[in-house]
Each structure stands twice: as C-alpha cells, then as structure tokens.
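Per-entry structural report
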Amino acid sequence: MKLLAIDDNQDNLLTLSALLKAFLPEAQLITSQSAQDGIRRAGMEAPDAILLDIQMPGMDGFEAARRLKGSAATQHIPIILVTAHRSDSACRVQGLECGADAFLSKPFDEAELVAQIRAMVRIKRSEDALRQERDSLEALVQRRTAQLSQANVELKENLERLAQSEARYSRAVRGTSDGLWDWDLVSNDYYYSPRWKELLGYADDELENRPETFFTRLHPDDLAPAQDSLCAHFLGQSPFDLELRLRTRGGEYLRVRCRGQAEWDDAGDPLRMSGVITDVTERQLMEEQLRQAQKMEAIGQLAGGVAHDFNNVLTVIAGYANILKMDLPADSANYGLADQIAAAAERAAQLTRGLLAFSRKQAIAPQRCDLGEIVLRVEQFLGRVIGEDIQLRTEILPEPLPVQVDLAQIEQVLINLAANARDAMPGGGVFTIATGLRDGNGRGYGDPAGPHAVIIVADSGEGMDDETSRRIFEPFFTTKEVGKGTGLGMAIVYGIVQQHKGNIKVSSKPGEGTVFTIEIPLVEGGAALQSVLAPQPSPRNGTETILVAEDDPNVRSLVDMVLTRHGYQVILAQDGEEVIHRFAAQQEGIELVLMDIIMPRKNGIEAYAEIKKIQPEAKVLFTSGYTADFIQSRGMEEGVELIMKPVQPMELLRRVREVLER
Ligand code: ADP
Ligand code: MG
C-alpha cells in the first residue's frame, strides 16, 4: 500500500514514518510538506490514502481536502484529516464538509492509526473494484448499445428494402392482368390475389382464401382434368398448364389458362404450389376474328376467281339487251323483254360486285367527297328500299366530312343496312342515318387512331341477341327463311368498310332495335371536294378514232357497236401484239386506246409500255373484269384509267369522252 502524508512539520512526518515502519511495514510512505505540493503528488503517485494535516501555512488542510475531492484524478483517494484534538467537533464537521473520510488526532495512537489506515485502504480498494466493475459494465453497455443501434440501422435498411421489394411486387401483381394463387399443401392454406377474385367479378373480401373457392367454381367438366393434371404434376411427371372454365359472379364461365409450379421436399412430397390464371377470352376472340378473316379470304378468292369470266358474260348480256332497247320503240312488247334482260343482267352484275366487295377485291374508284352529301344522295332513293311504313330520318352534321371513298360502294353499304332495317321492322318504325365526327382522342379499345367520319345507322326494329350480333358479318349467315335472305348483305358491308380502312360495330338487344356505327378515316387538306349531288351529264357523241383491244370476241363486237353508233371510228385488235402493230401503223390518227388488261400474247400492261415508247402522250383506258389487287400485282401503276367490267354502254361512253377531253 502507498500512503501520502502532508504536513508542514518535519518532525510529525518523521514520527509517522517511524510508527508506520514499526506497525504497518507493508506501507510505503510518501511525504509532502505543503498543501500545494501534496495535491500535485497525490495526482502523480495515486496513493491508497492521504494523511492530511489541518494546520499548515498557506493553504490549510480543509482547502486541500476540498481540492483533492474536487479533482477527478484524486477524488477517490480517502483522506484522513489529522486534527490537533480528539474532541474538536467543529473541526470534524468542517472536515466532513470538505470531503474528509476519517479523522485522527495527534499524538497518534498507533493501533488507531493502523486500523484507520487499513480501513480506509480497504474501503478504497473495494470502491475501486466497484468503480472498475461499473466502468467495465458501462463500457459493455456502451458497446452493446452501439452494436444494437448498428443492428437497428441494418434492420431499418432491410425493412426498407423489403418494403420496396414488396411495393414492386404488388405493383407488378396489380399491373399484370393475371390472377395469382398460392397453396400451402402442408397446412392447406390458400391464397388468391385480389386480381384473381376480380377476374371472377368479386372484391378481395368477398371470396374466402380456401381451396374450395377454386374447386367449386370449376366447370363440372373441367374438374377431373384439373385433378388429373395436378396429380401428374405432383408426381413430377408434367407441367401444370391447362385451360379451364371458372364460374364468375354472374354465373357465366370465364375461360382461363391456369398454370402452376409445385415445390417438393427431399422425400419428393409436394409442399407448396403457386401459379397464375390468365383470362384467355380476348385471345380466343382474336382467334375467332382471325378465323373469320380467313374464312372471308377463302370465299373471296373463290368469288374473285369466278368474277372474270362471269363479268364477260354479263357484259355481253347487258350490252346487247341495252342495244336492243335503243333499237326498239319504247312502247313495243320486245322493248319490255329487252328491259327485263337488262335488269336481270344488272342484278347479276350487282351480285358479282357484292361478292367482290365482300372479298375486298373489287376495284375501288375513290373520290374525295363529303360524307354528308353521300347520305343526302342516298336518302333520295332510300325511301324505295324501306317502304312507306318506315319513317326515314337523317341527321347530317353541318360541317363537311371529307372522306376518300368509292361512292357506289358507300351507297351499297347504306342500301344493305336499310334493307336489313326494313326486314327487322315488318310493322314499321324509324330508320335513322346520322353523321358525326370522332377526333383522334376519344377512341375506345381497338379503335384506329386519327380523326374519323362516323355514320350511325339505327333502326327501332326487333334487334338481335349476342350470338346473332357476333355472326352477322359472316358471309351466308342469315336468320331469314330460305329465299328471303342471302346472308351476304352484312358481309358486303363489312368488306367495303374494311377496304376503306374503316371499322364497323354493332350494338343491339332483342326488342330494342339495332345501331351500327361505321367509322371512315377523314382526309385532311388537299383538293376540293367533288360534289356528288350534281346530276351526271349524258355522254356526247364523238368522231375520234379509238383502237379497241379485247380478246373476247363477244365483248369486242359489243364495244365496237356501242362506239360506232355514237360516231367514233373504231379499229379492233384481238391481243396485245396486234394492238401494238396497229398503233404503230396508224399512230397519228389514234386518239384513244381502249384495252383489256388480260389478253393473250401480250397483256394490256406490256402493250401499254410499248405504245408509250412509240407515242409517250398516248391515251389509254383499260377495261378489266379482274380485281383491283390482281391488277396491281400485275404491275399496274396507280393513276391509270380503269373501267370495271361488266361495262355499261353509257358508262363506257362517258368515260371515253372524259379521257378524250382531258
Ligand atoms: P340477310 O339480310 O340476307 O339475312 P345479312 O348479311 O344482311 O343477310 O344479315 C345477316 C343477319 O343479320 C340477318 O339475317 C339478321 O339476322 C341480322 N341482322 C342484320 N341487320 C339487322 C338489323 N338491323 N336488325 C336485326 N337483325 C339484323
Ligand atoms: Mg340483308
């Protein structure tokens, strides 16, 4: 043990030293003769106890005690104040107030001295030990606190990451149109995502998360296949992926593709399975549309194939019937017969045109005109189609709706719709045609972009059920009795609208009438609109020389006769080679070449190229019974003049004049 004695009196210090040597030999004594020096040494030597004299010059013992106790380095060292008298209680009180721990009085009683010092040192040691323990405890606590707060930070980060990933996951789940399910096979806990339930028409809290929710909603015919497929998957034999029907809230069955993947334990037993259901209605709808388009394509090809020859035949029948009519007095019996032939041929030609229109293979002669004017034009003769019991209403938008359309075909659309409306209103009703405008923005799912002119055609007739609505555009679909319906009307409408890059929708309910909405792209800017309301002038006669190239002898002589009768000089050629020769031989006099496109030896297009070499300014008007896309695939450039067969004499004369006068 180390002791520090502070006393200004050298003798006192010596006495103490002697006493300690005798009675407390293990003590090592350090001495100091002034308070200041004593305090300094106490800080340096860290004694186990300090014996402090009170009466000292300069700083006394009380002040020294206060300072020692006030300094962090020395505050734990026990101070034994040495008083002059044992009974000096005022002095003891002051000593205690200054922080003294014990008292001794001079002269020292050696037993008391030793006991007091021992006690103080013992107390100090145990206090030191306590303090140390406390300090190390504190350090430990601090360390642990630091560790904990670090762990806390990490935990927070983890939680944040988890929340982010959770948010990402739920966004993805929400974003997908698939419904999710998860099945714990051990606890038999089931989970269905809100979307899963939504697909069946339920809110999240309306269906229980139990296996039965799925199995009881399965279509009875799908239960066994689903179970078989599940078992096979659990045995690891095959993926779980099949199409099922699930009963919705409305009691209908929703077609879904159901896919899932199990997890197995080490023994090969399935533990868990999760997967998705996907609504395949839309895909099936698209497949159906594709099938429909393919069906139309196939029938269209058939129709297109027949059209050429059929048109030649019709041209001849109608042509000669019309010539007969011209030759006969209008009141003769034969005039009536010829008229019947011409009318029948026209009906047949219309049927051909219908088939071509439906197959979208009819040549279209588009012109820029106002859709409103077309409706007004059709209105003039629509009354005859719908009859007197049906009221016809038109609502035309005041501003013009510029569209690029084939007038005759749009007329055909409106006539077909009117004919169906008439059939749907045997007891009379209202038939409405309205025009409108859809800007590029307000479009529904699947609508084409950009501004469209709209025609709305509505009737107050018997309407139709969903099944009929779905099928009306199918060629040859009719609900009318044999002989009344052909099932071609709506197919033609469909084909024409498609060919004009438009679309058509139907909305109908049994007993509530029918509304058709047709949209056709608007054409912006450009040339002025062609008026379709002005009456067509009857063609003038001419004296020009026309070179006619046509391989069909009947058509050739018909054209010859029509043109000759109207004053033209006609030169005939039978094929592509001949037309070139004749043109070369007589080029100066020939003002127009009227030429079939499909001819033996050289076709019209090749012949045209040769003729242009001879005379670049040569005027050519083509005739063809072939369809527009066929002609284009043969390299026909755009913008050349084309007249479709069967050619009507009046139409032919009008077009011939038109080209000649250009
Ligand atoms: P068709 O008139 O020769 O039967 P369409 O192709 O014109 O052939 O029409 C097909 C079917 O569509 C009709 O038989 C009819 O069932 C239905 N349909 C068409 N338009 C209407 C309408 N406005 N109202 C009710 N049913 C219609
Ligand atoms: Mg019809």
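The preceding data block contains the structure.
Throughout this document, residue positions are counted from 1 along each chain, in the order its sequence is written. For naming, the first written chain is A and the first written ligand is 1, with later ones following in the order written. The model is predicted, so local features are restricted to residues of pLDDT at least 70 and side-chain atom pairs to those at 80 or more, both for listing and for counting; the totals for chains, interfaces and linings are taken over all residues. Only hydrogens and water are removed before side-chain values are computed, so all heavy atoms of the structure are retained for them.

Observations concerning the packing of helix H12 (residues 407–424) against helix H14 (residues 489–499)
Heads up, the rule is: Angles run from 0 to 180 degrees between N-to-C directions of axes, and those axes are lines fitted to C-alpha atoms, restricted for helices to the stretch in contact. Helix and strand definitions follow DSSP, with helices as H or I runs of at least four residues and strands as E runs of at least two, each counted in order from the N terminus. Under this scheme an angle from 65 to 115 degrees is roughly perpendicular, one under 35 degrees roughly parallel, and one over 145 degrees roughly antiparallel; angles in between are oblique. By convention, the crossing between two helices is left-handed when the near helix turns anticlockwise from the far helix through less than a right angle, and right-handed when the turn is clockwise. We call two residues in contact when some of their heavy atoms are within 4.5 Å. Charged means Asp, Glu, Lys or Arg here, nonpolar means Ala, Val, Leu, Ile, Met, Phe, Trp, Tyr, Cys or Pro, and polar covers whatever is left, Gly included.
Interhelical geometry of H12 versus H14 gives an angle of 150° and a closest axis separation of 9 Å. Judged on the interaxial angle alone, H14 and H12 are roughly antiparallel. Note on packing geometry: the crossing formed by H12 with H14 is left-handed. Contact with H12, carried on its side by Gln409, Ile410, Gln412, Val413, Asn416, Leu417 and Asn420, involves Gly489, Met490, Ile492, Val493, Ile496 and Gln499 of H14 and no other residues of that element. Residues that form the contact of H12 with H14 fall into these classes: seven nonpolar, six polar and no charged.

With respect to the site of ligand 1
In plain terms, the rule: Being near a molecule or strand, for a residue, means having at least one of its heavy atoms within 4 Å of it. The definition of a polar contact used here is a pair of N or O atoms within 3.5 Å, where within protein one atom must be able to donate a hydrogen and the other to accept one, and adjacent residues in sequence count solely through side-chain atom pairs. Surface accessibility follows the Shrake-Rupley procedure with a 1.4 Å probe radius. Residue values consider only the protein chains on display as shielding.
Around ligand 1 sit 19 residues, and of these Asp459, Thr478, Thr479, Lys480 and Thr486 come closest. Interatomic distance of 2.8 Å between a backbone N/O atom of Gly487 and an oxygen atom of ligand 1. Between a nitrogen atom of ligand 1 and a side-chain N or O atom of Thr514, the distance comes to 3.3 Å. The fraction of the free accessible surface of ligand 1 (530 Å²) that becomes covered by protein chains is 94%.

Examining the environment of Arg259
Position of Arg259 relative to the elements: it lies in strand E9 (residues 253–264). For the pair formed by Arg259 and Glu243, sequence separation is 16 residues and the distance between their alpha carbons is 8.7 Å. The contacts of Arg259, once residues within four sequence positions are left out, are Asp178, Trp181, Phe240, Asp241, Gly275, Val276 and Thr278. A polar contact is formed between the side chain of Arg259 and the side chain of Thr278, at a distance of 3.0 Å.

Describing the sheet that holds strand E19 (residues 569–573)
The condition that has to hold: Two strands qualify as a pair provided DSSP detects at least 2 bridges between them.
Ordered in space as E19-E18-E20-E21-E22, the five strands form an open sheet in which the pairing is parallel. Looking at the sheet topology across the chains shown, the edges are occupied by E19 and strand E22 (641–644). Sheet twist, expressed as the average angle between the axes of neighbouring strands with direction ignored, equals 25°. One ladder, built from five bridges, connects strand E18 (residues 545–549) with E19; its direction is parallel. Residue Leu547 lies in a different strand from E19, and its bridge partner there is Ile571. Contacting E18, E19 and strand E20 (590–596), helix H15 (residues 553–565) runs over the sheet at an angle of about 170° to E19.

Structural notes on the pairing of E18
Heads up, the rule is: Only protein chains enter the accessibility calculation, which uses a 1.4 Å probe; a residue whose area is less than 20% of its type maximum is buried, one above 50% is exposed, and one in between is partly exposed. Throughout, right-handed denotes a crossover for which the path from the first strand over the helix to the second runs clockwise when the strands point away from the viewer.
For E18, a buried count of five out of five residues is recorded, marking the element as mostly surrounded by other parts of the structure. Side chains Thr545, Leu547 and Ala549 of E18 all project onto a buried face; the interleaved residues Ile546 and Val548 project onto the opposite face, where all are buried too. Read from E18 through H15 to E19, the crossover connection turns out right-handed. Sheet analysis places E18 next to E20, joined by five bridges and oriented parallel. Its bridge partner lying in E20, Ala549 is registered against Met595.

Remarks on the side chain of Lys325
Residue position: Lys325 is located in helix H9 (residues 281–327). Separated by 3.1 Å, the side chains of Lys325 and Asp339 make a polar contact.

Things to note about the environment of Glu395
Within the secondary structure, Glu395 is located in strand E12 (residues 390–395). In this view, Glu395 contacts Thr432, Ile433, Ala434 and Thr435; residues no more than four positions away in its chain are not counted.

A look at the sheet that holds strand E10 (residues 270–279)
Sheet architecture is open: five strands sit in the order E7-E6-E10-E9-E8, paired in antiparallel fashion. Each edge of the open sheet carries a strand with a single partner, namely strand E7 (189–192) and strand E8 (240–247). Averaged over neighbouring strand pairs, the angle between their axes works out to 20° when direction is ignored. Summarising the sheet, strand E6 (residues 179–184) and E7 pair through four bridges and their orientation is antiparallel.

So, a nonpolar patch on the surface
Counted only if it meets this: What goes into a patch is any residue over 30% in relative accessible area without a salt bridge, connected to like charges within 9 Å or, for nonpolar side chains (Val, Leu, Ile, Met, Phe, Trp, Tyr), within 5 Å. A carboxyl oxygen of Asp or Glu within 4 Å of a side-chain nitrogen of Lys or Arg is what we treat as a salt bridge.
Together, Leu155, Leu159 and Leu162 line one region of the surface with nonpolar side chains, adding up to about 300 Å² of accessible area. Inspection of the secondary structure assignment puts Leu159 in helix H5 (residues 110–175).

Re the pattern of salt bridges
Throughout the structure, instances matching the rule amount to 41 salt bridges. Here Asp222 makes a salt bridge to Arg245, at a shortest N to O gap of 2.9 Å. You can see Asp222 sitting in helix H8 (residues 220–234) and its partner Arg245 sitting in strand E8, a full 23 residues away along the chain. The class for Asp222 is buried, based on a relative accessible area of 8%. Where Arg283 meets Glu287, a salt bridge forms, and the shortest distance between an N and an O atom there is 3.3 Å. Of this pair, Arg283 and Glu287 both sit in helix H9, separated by four residues, roughly a single helical turn.

Points about the packing of aromatic side chains
This is how the line gets drawn: Between the rings of Phe, Tyr and Trp (Trp by its six-membered ring), a pair exists once the centres lie within 6.5 Å; its type follows the angle of the planes, with under 30 degrees stacked, over 60 edge-to-face, and the other angles tilted.
Under the defined criterion, the tally for this structure stands at nine aromatic pairs. Ring centres 5.2 Å apart and planes at 40° place the aromatic pair Trp183 and Tyr190 in the tilted group. Look at Trp183 and Phe215: their rings are 6.2 Å apart centre to centre, the planes differ by 65°, and that puts the pair in the edge-to-face class. With Trp183 in strand E6 and Phe215 in helix H7 (residues 211–215), the pair connects residues that are 32 residues apart, well separated along the chain. For the pair Trp183 and Phe215, one class covers both residues: buried. Here the aromatic cluster, defined as three or more aromatic residues joined through ring pairs, consists of Trp183, Tyr190, Tyr192, Trp196, Phe214, Phe215 and Phe234.

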